[in-house]
Amino acid sequence: MSFDESLPVIFMALMGVSMLIYVISDGYDLGVGLLMPRASAVEKDVLIASIGPFWDANETWLVLGIGILLVAFPKAHGLVLTQLYMPVALMLVGLILRGVAFDFRVKAKAARKPMWDRLFFAGSLLASVSQGWMLGRYVSGFGEGWNYPVFAGAIALALPAAYVLMGAAWLVMKTEGELQERAIHWAKLAWWPVVVGMVLISLATPWISETVRERWFSLPEIIALMVIPLTTAIALGTARVLLDKPIVRGALCWLPFVLLIGVFLLGFLGLAYSIYPYVVIDQLTIWEAASSPAALKVILVGVCISVPAIAAYTVFSYRVFWGKATELRYG
């Protein structure tokens, strides 16, 4: 494969990695937002403080992923946004609500704080459900028929549950004492819906897409691919066992969160294998949707500058604010 032919693959990989980092990083802070109604007034301040230094950097990866889709795969961008116009609009409304509520609640008087807390929860829920619906429609290739919306609806319910599990695991890592105990309890409650949802969706995906079915259930591929679901099951099972162990309240408080990152990574690898070489499954391949090689070379220069900058900023923010959450203060 020549360099010109490999450029679309490079951009597809960059877009995929950007979206993966977004789902993991913004996933846990969306999960924290979804847990707000379960926390007391004092605990809500700690929940917000635990994600305060990171959420802006997390959402940058979404902008990067959509930007790459727009400039590197304009045909796919038009098709995807046409099919997903409403859920994309709802997701943006949710993210705006989150941002406004996040900043305003810090300055609000005590009587107004509950309103901003409710809006923060509502924005988190709206963004999470919209993302789940978009993922379901994208994976199914925007097919028509009663089964496709049902499949998308199932993912729209399962993804917020996964975010809640990630958010609870984040709080286990970032908090101490009574709130950490409550976070462990929340993680246990979210674990079962996530596992059941993943099993059902994994069984339904080959039914909804013939391409996926042929990729996963052909010999000898199925033997090698069994590593992905088996490793996912081990990671989820280990995380659940750890939640019952005293060590997760101390030195290994970070391990459930890392295991869940592994689960998301394995899901991403499975999805990437299922759809390659398509940008939109069964409709547009990477090369059909890509911009011209000359345009991609120009775009690559910008990517080589922006991606390291975004990555460095993200790593720097996590390094500076690592450790247990403290009270969030604005000057």
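Residues numbered from 1 in each chain as written. Predicted model: local features only at pLDDT ≥ 70, side-chain atom pairs only at ≥ 80, totals over all residues. Heavy atoms only, no water.

Engineer: Any chance you could break down the overall build of the chain for me, citing the residues and the numbers?
Structural biologist: Check the secondary structure of the chain and you find 14 helices and two strands. Against the globule reference of 20 Å for 331 residues, the chain gives a C-alpha radius of gyration of 20 Å, in line with a compact fold. Dimensions of the chain, computed from the C-alpha atoms along their principal axes, are close to 55 × 40 × 40 Å. Within the chain, the fraction of its 331 residues that count as buried is 49%. Considering only residue pairs separated by 6 or more positions, the chain has 79% of its internal contacts joining residues 24 or more positions apart. Of the roughly 15900 Å² that the chain leaves accessible, carbon and sulfur atoms contribute 72%. Between the averaged position of the 23 positive side-chain charges in the chain and that of its 21 negative side-chain charges there is a distance of 9 Å. (Helix = DSSP H or I, 4+ residues; strand = E, 2+ residues; numbered from the N terminus. Rg over C-alpha atoms; globule rule 2.2 N^0.38 Å. Buried < 20%, exposed > 50% of the residue type's maximum accessible area, 1.4 Å probe, protein only. Contact = heavy atoms within 4.5 Å. Areas by Shrake-Rupley, 256 points an atom, 1.4 Å probe, with all protein chains shown as cover. Lys, Arg positive; Asp, Glu negative; His and termini not counted. Charge placed at Lys NZ, Arg CZ, Asp CG, Glu CD.)

Engineer: Quick one: what's the story with the nonpolar core, residue by residue and with numbers?
Structural biologist: Grouped together as the largest cluster of nonpolar side chains are 95 residues, with contacts concentrated most on Phe11, Phe73, Trp170 and Val279. Among the elements that make up this core, the one with the highest residue count is helix 7 (residues 147–174) (13 residues). Ignoring any residue separated from it by four or fewer positions in sequence, one finds Val279 in contact with Met12, Leu69, Phe73, Ala76, Tyr138, Leu284, Thr285, Ile286 and Ala289. Ranked by size, the runner-up nonpolar core spans eight residues in total, among them Tyr148, Ile155, Ala204 and Ile208. (Core = buried A, V, L, I, M, F, W, Y, C linked by side-chain atoms within 4.5 Å.)

Engineer: Go over helix 2 (residues 41–51), please, and point to the residues and values.
Structural biologist: Listing the buried residues of helix 2 in full gives Glu43, Lys44, Leu47, Ile48, Ala49, Ser50 and Ile51. Here the buried face of helix 2 lies against helix 1 (3–34), helix 3 (55–72), helix 5 (85–107), helix 6 (113–139), helix 7 and helix 8 (177–208).

Engineer: Please set out the side chain of Arg105 residue by residue, giving values where relevant.
Structural biologist: Mapped onto the secondary structure, Arg105 falls in helix 5. Among the polar contacts made by the side chain of Arg105, one reaches the side chain of Asp45 at a distance of 3.0 Å. (Polar contact = N/O pair within 3.5 Å; in protein donor to acceptor, adjacent residues only side chain to side chain.)

Engineer: Hey, could you go over the confidence of the model for the chain for me, with residue numbers and the actual values?
Structural biologist: Of all residues in the chain, 98% attain a pLDDT of 70 or more, and the chain-wide mean is 88. Within the chain, the lowest mean pLDDT, 78, falls on helix 10 (residues 221–225), and the highest, 93, falls on helix 11 (residues 227–242). (pLDDT = per-residue confidence, 0-100.)

Engineer: Which residues make up the packing of aromatic side chains, and what values go with them?
Structural biologist: Two aromatic rings are characterised by how far apart their centres lie and by the angle between their planes. Taken as a whole, this structure holds 12 aromatic pairs when the rule is applied. Taking 6.3 Å as the distance between ring centres and 90° as the angle between the ring planes, the aromatic pair formed by Phe54 and Phe321 counts as edge-to-face. Here Phe54 is found in the loop between helix 2 and helix 3, whereas its partner Phe321 is found in the segment after helix 14 (293–320), with 267 residues between them in sequence. Assessed through its relative accessible area of 42%, Phe321 is described here as partly exposed. (Phe/Tyr/Trp six-rings, centres within 6.5 Å; stacked < 30°, edge-to-face > 60°.)

Engineer: Give me the lowdown on the pattern of salt bridges, citing residues and values where you can.
Structural biologist: As enumerated under the stated definition, the model contains nine salt bridges in all. Between Arg98 and Asp29 there is a salt bridge whose closest N-O contact spans 2.5 Å. Of this pair, Arg98 sits in helix 5 while Asp29 sits in helix 1, and the two are 69 residues apart along the sequence. Grouping residues by exposure puts Arg98 and Asp29 together as buried. Of the charged contacts in the structure, one is a salt bridge between Asp45 and Lys113, with a shortest N-O distance of 3.2 Å. (Salt bridge = Lys/Arg side-chain N within 4 Å of Asp/Glu carboxyl O.)

Engineer: How would you explain unusual backbone geometry if you had to name every residue and give the values?
Structural biologist: Cis geometry is adopted by the peptide bond preceding Pro277, which originates at Tyr276 and carries an omega value of 10°. Within the secondary structure layout, Pro277 lies in the loop between helix 12 (255–275) and strand 1 (278–280).

Engineer: Outline the environment of Val280, supporting the account with residue identities and numerical values.
Structural biologist: Here Val280 is to be found in strand 1. Note: C-alpha distance between Val280 and Gly141 (139 residues apart in sequence) is 6.2 Å.

Engineer: If you had to explain helix 1 to someone new, which residues and values would you point to?
Structural biologist: Over its 32 residues, helix 1 runs 45 Å from end to end, which matches the ideal 46 Å to within 8%, given 1.5 Å per residue. Approximately 30° is the largest bend angle found in helix 1, and it occurs at Gly27. (Expected span 1.5 Å × (residues − 1). Bend = angle between axes of the 7 residues up to and from the residue.)

Engineer: Residue-level account of the environment of Ser25, with values.
Structural biologist: Within the secondary structure, Ser25 is located in helix 1. For Ser25, a relative accessible area of 7% gives the class buried. When the C-alpha atoms of Ser25 and Glu59 are compared, they prove to be 8.1 Å apart, with 34 residues separating the residues in sequence. Sequence-distant contacts of Ser25, that is, excluding residues within four places in its chain, are made with Asn58 and Tyr318.

Engineer: Can you tell me about the environment of Pro87, naming the residues and giving the values?
Structural biologist: Inspection of the secondary structure puts Pro87 in helix 5. Sequence-wise, Pro87 and Trp133 are 46 residues apart; in three dimensions their C-alpha atoms are separated by 7.3 Å. Ignoring sequence-local partners within four residues, the contact set of Pro87 consists of Ser130, Trp133 and Met134.

Engineer: Talk me through the packing of helix 1 against helix 7; I want residue IDs and the actual numbers.
Structural biologist: Orientation of helix 1 relative to helix 7, taken along the N-to-C sense of each, is 85°, at an axis distance of 7 Å. By the angle between their axes, helix 1 is roughly perpendicular relative to helix 7. In contact with Val23, Ile24, Gly27, Tyr28, Leu30, Gly31, Val32 and Leu34 of helix 1, helix 7 contributes Pro160, Tyr163, Val164, Met166, Gly167, Trp170 and Leu171. Looking at the contact of helix 1 with helix 7 residue by residue, the class counts come to 12 nonpolar, three polar and no charged. (Axes fitted to C-alpha atoms, helices over the stretch in contact; angles between N-to-C directions. Parallel < 35°, antiparallel > 145°, perpendicular 65-115°, else oblique. Nonpolar A, V, L, I, M, F, W, Y, C, P; charged D, E, K, R; others polar.)

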